[in-house]
Amino acid sequence: MVITEPSTMGTRRIRTGGDLESCDSEIVQLEPVNVKLSYASRRQKGESLNKHILASVTDISVDKLTEEAHIPKGQMWSVHKFGGTCVGTSQRIKNVGEIIVNDDTERKLIVVSAMSKVTDMMYDLIYKAQSRNDSYLSALDAVFEKHQLTACDLLDGDELAGFLSRLHHDINNLKAMLRAIYIAGHATESFTDFVVGHGELWSAQMLAAVVRKNGIDCKWMDTREVLIVNPTSSNQVDPDFSESEKRLEKWFSQSPSNTIIATGFIASTPDNIPTTLKRDGSDFSAAIMGALLRAHQVTIWTDVDGVYSADPRKGCLLGILMDHNFDIVVTRISAVSEAVILRTLSYQEAWEMSYFGANVLHPRTIIPVMRYDIPIVIRNIFNLSAPGTMICRPPVDENEDEQIIDSPVKGFATIDNLALVNVEGTGMAGVPGTANAIFGAVKDVGANVIMISQASSEHSVCFAVPEKEVKAVAEALESKFREALNAGRLSQVAIVPNCSILAAVGQKMASTPGVSATLFNALAKANINIRAIAQGCSEYNITVVLKREDCIRALRAVHSRFYLSRTTIAMGIIGPGLIGATLLDQLRDQAAVLKEDFNIDLRVMGVTGSRTMVLSDTGIDLSTWRELLKEKGEVADLEKFTQLVHGNHFIPNTVLVDCTADSNVASRYHDWLRRGIHVITPNKKANSGPLDQYLKLRSLQRKSYTHYFYEATVGAGLPIISTLRGLLETGDHILRIEGIFSGTLSYLFNSFVGTRSFSEVVAEAKEAGYTEPDPRDDLSGTDVARKVIILARESGLKLELSDLPVRSLVPEPLKACASAEEFMKQLPQFDEELAKQRQEAEDAGEVLRYVGVVDAINKEGRVELRRYKKDHPFAQLSGSDNIIAFTTKRYKEQPLIVRGPGAGAQVTAGGIFSDILRLASYLGAPS
């Protein structure tokens, strides 16, 4: 047997040793390239189909159109498109049939894709046949069985018999063609298009039969008889609207109907050779048919509620994708997604977003409907109550108030796996044709340029290309500009790999000042560096190039800034002890008010103690955090805790609040800040620890957009740190800071009056809960010394904790006591010394106060027991109040005094809460 195949070089013959299955003649002419395919007309003439492996496209002579019935056009038509997932099973096909039946539009045309996975199966047939893999036969049997079973479930009687007869016929033709491809070891594009288009033919016929079964007159359309397209050199096709309109008139004159089921994805060339509409084929089919009919609307049915403001898949988080049937589908969206459904998009917005990876619709799909202002609606077949997203031309008289309320940015899209190519050199400036030479070289290697950015100095041009193409681009440029590189006119052709593009899209961006500033500010505050920027003069799109590893975080940051509450912060609380628990309760009581009145959304994503922790992807219910920690807590792991709070949600801003006094936790601050995590703490260990670690920590914090707040380390809820910073930042000079920094010691010496012994006062304070469980922790003065060191370092002094002389109130012999109880038992033996000092002070009209001092003039600090006149502010304290006096160049004669409660869980937690709100303000919350 000999197979002959037409080609541009003449007829190619392949000799084989046996007969082709299902072929009657020895020579089988494969003609889809040069010969008009005429399956239908040949069938009418009774010719043997076994002698011709030909497509099911009627050979139409447009010049001989009959005028039996003109197709009406206009608002009476609606066009629906159902993708592969919508018709993936027999039950889903029935559901589609119900939607069609319930549509009360006067006339409707339905474009349908192949059943889910069928197009993949058809491509697999081609691949196996041309690879000479005999399993193509069993794979074809699987295709037949899938459609046979579906038809048997849907149809009965003559409808079932007729469909199965056509299915058998098509399968036999396919078997013969695949056998020919198997022998040739190659499949042309025309052969491939013919094979893969059968899935649409079968699904359209079954759906039409289902609709007829519901009592609706319905015809099915093989769109290869109607849609005429011209292939282009860029793996795309251009619809021939004029010719397609004529053929639609012809088709309708022969098969008039108010309900038409049309095949998606497939079409024909002007020579009646089967082809496809390439990427997004079925959507493109629907748009073209909508334009031909001047329909009032084109509805794209998918399995999501509409177009999302950002990709909900990013980071567990434009929910719309394309499957291999070229249909819009989506993966399962996580419940933690913060992306919102967009009710409307302009054609331009959809166009921009689709180009940058958000597969809303391919830009070419929008062109046909845009010409006639036909809206496209994207709806969820599994949620008919959802209104979906409408893509249309925005009204001219759009309400101005709504413009102010709506975000100027409609959505965000990303493209991953890119590389930046940077061509730079002084010899480029002012030289005509340089850009032409650069992009001519890129074109020669067939690379796709995604984005271009050039500075006005013309010193460099950078552009983004797919990473898989960058090697060829670099080699082409180096070859093209070898002479310029050697002569030094060009300094380099540099490649920056591992990049991603983030695009912000919105038609209102063009009329809204500050959008770029907001975008860049959100990225900066998320600690993200921008590699390149591009914006067209239309202002519909701002594009930035980032490190690939930063892409998800960048998407979260900008989406949060434009779409969530103005400031959304993910929080992790470390140390749910007395202070931590009080803070959590304060957050619980205030969270709703902050979100509603101040647009601040605080979400506690995790709480961890030293033994157990509880985590949540969506935020912990603070009304039950104690029960959750007790009943559902897992083993505490600070690294895992950090990763979840920082990484597994759609919130760009993360803060860890350390409510412990643990030096091990404090040692992690530098790493957290380096990773872009904000830190808030009352823990004094980091700022009073080794000086070099403190300086390293502050240096990192100053260089980044990451914040480190620690107001509560010195004065609990009192504004000590912020007052000191305000003085320094406004140019004042600190001379001396002196204060009673311990609420416990303030209480002790305010109560140490008359004839009361010191041990009695300590016992009373311990009983009232004013001291640590072991009072020696307070009496040692170490806590006050740490506060003095913190203030000294804030003032610019480089002091170590060991540099401070500290007056300890713990008698030397009692420092070694084994327990707090033993210490308290023996303390009365040492009352005499302090009683003597008190008496001496009283005789001089003075009082004893335990104070910390920062002497900025002499660059020193100390902690001591001092005497003050009774009219001194320090002598007039009561209870556990703290007082701090700032003597500065401005406040030299009359020190600036801050006074108030300096101890207790409520005020300390309040100080931490104040820092959290200050962070929110820094991140953009309204003041």
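Computed from a prediction, not measured in an experiment: that's the story for all the values here.

Caption draft 1: Highlighting the sheet that holds strand E28 (residues 612-615). Strand order in the open sheet formed by 7 strands is E29-E28-E27-E26-E30-E31-E32, with mixed pairing between adjacent strands. Every interior strand has two partners, whereas the edge strands, strand E29 (634-635) and strand E32 (708-709), have only one. Bridge analysis of strand E30 (residues 653-658) against strand E31 (residues 678-680) gives 3 bridges, and the strand direction is parallel. Directly across from Leu656, in E31, lies its bridge partner Val679.

Caption draft 2: Spotlight on the packing of aromatic side chains. Scanning the entire structure with this criterion turns up 12 aromatic pairs. Judged by centre distance (5.4 Å) and plane angle (85°), the ring pair of Phe709 and Tyr922 falls under edge-to-face. Here Phe709, found in strand E32, pairs with Tyr922, found in helix H33 (residues 905-922); they are 213 residues apart in sequence, far enough to count as distant. Grouped by ring-pair contacts, the aromatic residues Tyr669, Trp672, Tyr708 and Tyr710 constitute a single cluster. Directly above the ring of Phe752 sits Arg838, whose terminal nitrogen or CZ lies 4.2 Å from the centroid. Here Arg918 stacks its cationic end above the ring of Phe709, 4.0 Å away from the centre of that ring.

Caption draft 3: Layout of unusual backbone geometry. Despite not being glycine, Asn498 shows a phi value in the positive range, around 55°. As for its placement among the helices and strands, Asn498 is situated in strand E23 (residues 492-505). Here the phi dihedral of Asn599 falls at roughly 60°; this positive angle occurs in a residue that is not glycine.

Caption draft 4: Summary view of the confidence of the model for the protein chain. Looking at the protein chain as a whole, the pLDDT averages 85, with 86% of positions reaching at least 70. The model gives residues 1-67 a pLDDT under 50, and that stretch makes 127 contacts with residues more than four places away or in other chains. For the stretch residues 398-405, pLDDT sits under 50, and the model shows 4 contacts to residues farther than four places along the chain or on other chains.

Caption draft 5: Spatial organisation of the pattern of salt bridges. In the structure shown here, the tally under the stated rule is 40 salt bridges. Here Lys81 makes a salt bridge to Asp283, at a shortest N to O gap of 3.1 Å. Taken together, the residues span a long stretch of sequence, with Lys81 in strand E4 (residues 77-82) and Asp283 in helix H9 (residues 281-293) at a distance of 202 residues. The buried category is assigned to Asp283, whose relative accessible area is 0%. As a salt-bridge pair, Glu800 and Arg793 come within 3.5 Å of each other at their nearest N and O atoms. Salt bridges sharing common partners tie together Arg736, Glu738, Glu860, Arg862, Glu864 and Arg866.

Caption draft 6: Expanded view of the pairing of strand E27 (residues 600-608). By the criterion of burial, E27 is predominantly enclosed, with 9 of the 9 residues buried. Relative to E27, strand E26 (residues 567-574) runs parallel, the two being bridged by 8 bridges. Across the sheet, residue Ala570 finds its bridge partner in E27, namely Arg603. Each parallel crossover has a hand, and for E26 linked through helix H18 (residues 578-598) to E27 it is right-handed.

Caption draft 7: Just helix H30 (residues 782-794), in detail. Look at H30: 18 Å from first C-alpha to last across 13 residues, which is about the 18 Å you get at 1.5 Å a residue. Counting buried residues along H30, 11 of its 13 residues qualify, which places the element largely inside the surrounding structure. Listed as buried for H30 are Val784, Ala785, Arg786, Lys787, Val788, Ile789, Ile790, Leu791, Ala792, Arg793 and Glu794. Looking one or two residues past H30, Gly796 carries a phi angle of roughly 100°, positive in sign.

Caption draft 8: Inspection of the packing of helix H26 (residues 720-729) against H30 at higher detail. Between H26 and H30, whose axes approach to 10 Å, the crossing angle comes to 20°. Comparing their axes, H30 and H26 come out roughly parallel. With respect to the hand of their crossing, H26 and H30 are arranged in right-handed fashion. Residues Ile720, Ile721, Leu724, Arg725 and Leu728 of H26 form the contact with H30, whose participating residues are Ile790, Leu791 and Glu794. A breakdown of the residues in the contact of H26 with H30 according to their chemical character gives 6 nonpolar, no polar and 2 charged.

Caption draft 9: Looking closely at empty space enclosed by the protein. Approximately 110 Å³ is the volume attributed to the largest cavity. The wall of the largest cavity is formed by 13 residues, among which Ala522, Ala557, Arg561, Asn653 and Leu923 lie closest to the centre. Within the residue set of the lining of the largest cavity, elements represented by two or more residues are helix H16 (515-525), helix H17 (551-563) and E26.

So, how was this worked out
Residues numbered from 1 in each chain as written. Predicted model: local features only at pLDDT ≥ 70, side-chain atom pairs only at ≥ 80, totals over all residues. Heavy atoms only, no water. Pairing = 2+ DSSP bridges. Helix = DSSP H or I, 4+ residues; strand = E, 2+ residues; numbered from the N terminus. Phe/Tyr/Trp six-rings, centres within 6.5 Å; stacked < 30°, edge-to-face > 60°. Lys NZ or Arg CZ within 6 Å of the ring centre and 35° of its normal. pLDDT = per-residue confidence, 0-100. Contact = heavy atoms within 4.5 Å. Salt bridge = Lys/Arg side-chain N within 4 Å of Asp/Glu carboxyl O. Buried < 20%, exposed > 50% of the residue type's maximum accessible area, 1.4 Å probe, protein only. Right-handed = clockwise from strand over helix to strand, strands pointing away. Expected span 1.5 Å × (residues − 1). Axes fitted to C-alpha atoms, helices over the stretch in contact; angles between N-to-C directions. Parallel < 35°, antiparallel > 145°, perpendicular 65-115°, else oblique. Left-handed = near helix turned anticlockwise from the far one by under 90°. Nonpolar A, V, L, I, M, F, W, Y, C, P; charged D, E, K, R; others polar. 1 Å grid on protein atoms, 1.4 Å probe; cavity = no way out; pocket = protein on both sides within 12 Å on 5 of 7 lines; lining within 4 Å. Points joined across faces, edges and corners; volume = space filled by probe spheres on them.

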